Amino acid sequence: MTSLSLSAPTRSTFRQVAVFGSIGIVSTVAYVILYAVLRVVSPAVTANAIALIVTAVGNTAANRRLTFAVRGRGGLARDHAAGLLAFGVALAITSASLALLDFLAPGATRTVELAVLVAASALATLVRFLLLRSALGGTRPGGLSAVPTGR
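For the structure given in this document, a descriptive report is provided here. (Residues numbered from 1 in each chain as written. Predicted model: local features only at pLDDT ≥ 70, side-chain atom pairs only at ≥ 80, totals over all residues. Heavy atoms only, no water.)

Let us look at the overall build of the protein chain. The helix and strand inventory of the protein chain stands at four helices and zero strands. Traced from its N-terminal end to its C-terminal end, the protein chain shows the element sequence α-α-α-α. Taking as baseline every contact in the protein chain between residues at least 6 positions apart, the subset at least 24 positions apart corresponds to 72%. Within the structure as shown, the protein chain displays about 8,300 Å² of accessible surface, and the carbon and sulfur contribution to it stands at 72%. (Helix = DSSP H or I, 4+ residues; strand = E, 2+ residues; numbered from the N terminus. Contact = heavy atoms within 4.5 Å. Areas by Shrake-Rupley, 256 points an atom, 1.4 Å probe, with all protein chains shown as cover.)

Structure follows, in structure tokens:
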């Protein structure tokens, strides 16, 4: 039986981090563009939530397939539930960042808003990786594991 190990990083772990990071960069760029477009017509909190939910669905699907090599429908609901939990964490972190920015610098420019959101998203990304790795790293039907520990 394969278990999740956070000690002794393996080549597989480094590959996962690299692929996850690449997907994260693409997702962040999509998020920033979507946020910037939505921000023209809606409040920051609304633009943030919509941009996050749209990019979170694609991010979870891409990470499921590319980062963790999970294919098929087995565990799909559980995997997307983990993605939804990660979305909730990201929404909390980015919303709190926007509220703090509004408190500290009420007249901040959109560029400053975006910079704060990108920084907050970096923290949310770490949480997302740990949540998805935990959810997608369990054993799969047929004894296949998405995250081998190298033991």
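A few words now on the packing of helix α3 (residues 76–104) against helix α4 (residues 110–136). At a closest axis distance of 8 Å, the pairing of α3 and α4 adopts a crossing angle of 155°. Relative to α4, the element α3 lies roughly antiparallel. Classified by chirality, the crossing of α4 by α3 is right-handed. Across the contact of α3 with α4, the residue classes break down as 20 nonpolar, four polar and four charged. (Axes fitted to C-alpha atoms, helices over the stretch in contact; angles between N-to-C directions. Parallel < 35°, antiparallel > 145°, perpendicular 65-115°, else oblique. Left-handed = near helix turned anticlockwise from the far one by under 90°. Nonpolar A, V, L, I, M, F, W, Y, C, P; charged D, E, K, R; others polar.)

In this section: the environment of Glu113. In this structure, Glu113 sits in helix α4. Given the relative accessible area of 8%, Glu113 is considered buried. When the C-alpha atoms of Glu113 and Asp102 are compared, they prove to be 9.1 Å apart, with 11 residues separating the residues in sequence. Within the local environment of Glu113, its side chain forms a polar contact with the side chain of Arg39, the two groups lying 3.1 Å apart. (Buried < 20%, exposed > 50% of the residue type's maximum accessible area, 1.4 Å probe, protein only. Polar contact = N/O pair within 3.5 Å; in protein donor to acceptor, adjacent residues only side chain to side chain.)

Moving on, we get to the packing of helix α1 (residues 11–39) against α4. Direction vectors running N to C along α1 and α4 enclose 145°, while the axes themselves pass 10 Å from each other. In the crossing of α1 with α4, the sense of the turn from one axis to the other is right-handed. Facing α1, whose interface residues are Thr13, Gln16, Val17, Phe20, Thr28, Tyr31, Val32, Tyr35 and Arg39, α4 presents Arg110, Glu113, Leu114, Leu117, Val118, Ser121, Thr125, Arg128, Phe129, Leu132 and Arg133. When its residues are assigned to classes, the contact of α1 with α4 shows 10 nonpolar, five polar and five charged.

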